[in-house]
Amino acid sequence: MLFLESFIHRMTLAQIVSRWMVNRPMSTDVKQLKEIINFNSYIARIWVEFFTKELARRFYGKDCLSFSAKTKGMLKDFAVKHPAYTTPRITRLIDRYHRYPEDFYRETPFDGKIYYYEGQDVPVFIGTTRIKRFRRIAEKGSRRIVDFLFERIRGHADDLAAERADRLGIAQKEQLVTPENIMIDEFSHAERRLIKSIRLGTIESELPLLSIPDIVGVKVIVEQDRHSRFIETINALKGCTLIEKEEHKGIYNAINLRIAYDLPRELLQNHPPSGRYAEIMSKRGFDLDQIHHQYNTFLTAGEDQVHLELIICNFNDFIESEIGKSMHEERILTQRANREYNSHLATNIRYLMNYMLTLCLAPSSPEYEDVPIKLWVKYMPDTIDCLIRNLYHVPADSSFDAPKE
């Protein structure tokens, strides 16, 4: 179902998601799910760093440096402190940022790195990398699934309208003058039909691969007059293939490149999780004695190539996207607010995706014969909260009732 292009073992992951949607989990699903999500999150940090530094070395002719950023405030602070140039507009934006920092979503979690090289007097900011956090993967994945199911429901509703037109002797359903209550009934009937196919599992074979190409992303500051040379550098980079180029113009201005990248397998094999990374894996339910073996098996059986998103923008547009008219956080909030389909089916898909990704962070590794969140059942948010808390062995209420022996 969900095809995360920046991950290896992505087909296995898609199959697990499909099975869980129709409540047909396999006993190995949780172990595989946790390996795929956690090991990919780990290796992505290695290969995207290698890719970005090699690209920067080729383009700038010098080595670049990097440091981790855990909040958007760290990124915004560095950008405004080290502007590539200033304009009256940039100066006003930076002044406002300093005066009203609380308006700029500075505490937003960010899983990435900031890249720069040493200039004559100050660091020169050249870009960032980021890996989508588990919550954002769940959010984007559920949105893709909801959109697909919504289109299926609308298609079924159109079929019902066509049947009604045929019964009335009307050649085309578009000629029907349909009262709103009948349209609502037909949509509800189509929705119930789809939910039944999910409950019975008959839809599983029809679920498509819904690609998400931007789990791993790179953003590079490149001025307009250097775009051609930058593209040439990408095309010349070993193991790198430019698949697609999309230009955005308007409030948000940037060029999005979709890139296929051959994994530096030897580099990854030489850096198994150790130290604090192994400790984190252990807290997520991995056996410390088995991590290296699991990791090597994971790499050996995985695909050789991944996809990533590379965004090119000039410094002015970068500033606009962080503290200006196209601020990323504002765009995300608008996107969340404008959901066309919000029934309990759509809500449950969001619940299920969030639960599956949260499970990958939890210390417990339950084996399920029955998925705890079923798409056809109506839930209160409190129920889902209890399920999430149980993964971390956190009390779900404030009562003092002792559990029954």
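Preceding this section is the structure that the text describes.
Predicted model only: the values in this text are computed from it and were never measured.

**Description of the packing of helix H3 (residues 72-81) against helix H4 (residues 88-99)**
(1) Moving on: For the pair H3 and H4, the least separation of the axes is 11 Å and the interaxial angle reads 135°. Between H3 and H4, the angle is such that the two are oblique. Crossing handedness for the pair H3 and H4: left-handed. On H4, the residues that touch Gly73, Lys76, Asp77 and Val80 of H3 are Ile94, Tyr97 and His98.
(2) Moving on: Grouping the constituent residues of the contact of H3 with H4 by class yields 3 nonpolar, 2 polar and 2 charged.

**Topic: the pattern of salt bridges**
(1) Moving on: Enumeration over the complete set of coordinates arrives at 28 salt bridges.
(2) Moving on: Between Asp111 and Lys70 there is a salt bridge; the shortest N-O distance is 3.6 Å. Taken as a pair, Asp111 in strand E3 (residues 109-118) and Lys70 in strand E2 (residues 65-71) lie far apart in primary sequence, 41 residues in all.
(3) Moving on: For Lys70, a relative accessible area of 52% translates into the label exposed.
(4) Moving on: Its salt-bridge partner being Lys72, residue Glu329 comes within 2.9 Å of it at the nearest N-O pair. Of the two residues, Glu329 sits in helix H12 (residues 328-337) while Lys72 sits in helix H3, which places them 257 residues apart along the sequence.
(5) Moving on: Look at the salt bridges and you will find they share partners, linking Glu54, Arg57, Arg58 and Asp63 into a network.

**Observations regarding the sheet that holds strand E4 (residues 123-131)**
(1) Moving on: The sheet built from 7 strands is open, its strands ordered E2-E3-E4-E6-E9-E8-E7 with mixed pairing. Only two strands of the sheet have a single partner each, and these edge strands are E2 and strand E7 (240-248). The average undirected angle you get between the axes of adjacent strands in this sheet is 25°.
(2) Moving on: As paired elements, E3 and E4 share 7 bridges and run antiparallel to each other. The residue of E4 that forms the bridge with Tyr116 is Phe125.
(3) Moving on: Here helix H2 (residues 29-60) sits on the sheet in contact with E2, E3, E4, strand E6 (216-221), E7, strand E8 (254-262) and strand E9 (305-313), set at roughly 25° to E6.
(4) Moving on: Sitting on the sheet, helix H11 (residues 315-323) touches E4, E6 and E9, and the angle it makes with E6 is about 130°.

**Regarding the packing of aromatic side chains**
(1) Moving on: According to the stated counting rule, one finds 19 aromatic pairs in the structure shown.
(2) Moving on: Ring plane angle 65° and centroid distance 5.4 Å describe the contact between Phe67 and Phe78, whose orientation is recorded as edge-to-face. Remark: Phe78 occurs in helix H3 and Phe67 occurs in strand E2; sequence separation between them is 11 residues.
(3) Moving on: Their ring planes at 70° and their centres at 5.2 Å tell us that Tyr97 and Phe104 sit as a pair that is edge-to-face. Each member of the pair, Tyr97 as well as Phe104, is classed as buried.
(4) Moving on: Positioned over the ring face of Tyr277 is Arg276, at 4.5 Å from the centre of the ring.

Criteria and cut-off values
Residues numbered from 1 in each chain as written. Predicted model: local features only at pLDDT ≥ 70, side-chain atom pairs only at ≥ 80, totals over all residues. Heavy atoms only, no water. Axes fitted to C-alpha atoms, helices over the stretch in contact; angles between N-to-C directions. Helix = DSSP H or I, 4+ residues; strand = E, 2+ residues; numbered from the N terminus. Parallel < 35°, antiparallel > 145°, perpendicular 65-115°, else oblique. Left-handed = near helix turned anticlockwise from the far one by under 90°. Contact = heavy atoms within 4.5 Å. Nonpolar A, V, L, I, M, F, W, Y, C, P; charged D, E, K, R; others polar. Salt bridge = Lys/Arg side-chain N within 4 Å of Asp/Glu carboxyl O. Buried < 20%, exposed > 50% of the residue type's maximum accessible area, 1.4 Å probe, protein only. Pairing = 2+ DSSP bridges. Phe/Tyr/Trp six-rings, centres within 6.5 Å; stacked < 30°, edge-to-face > 60°. Lys NZ or Arg CZ within 6 Å of the ring centre and 35° of its normal.

Function cannot be inferred from these measures alone, as they are strictly geometric.
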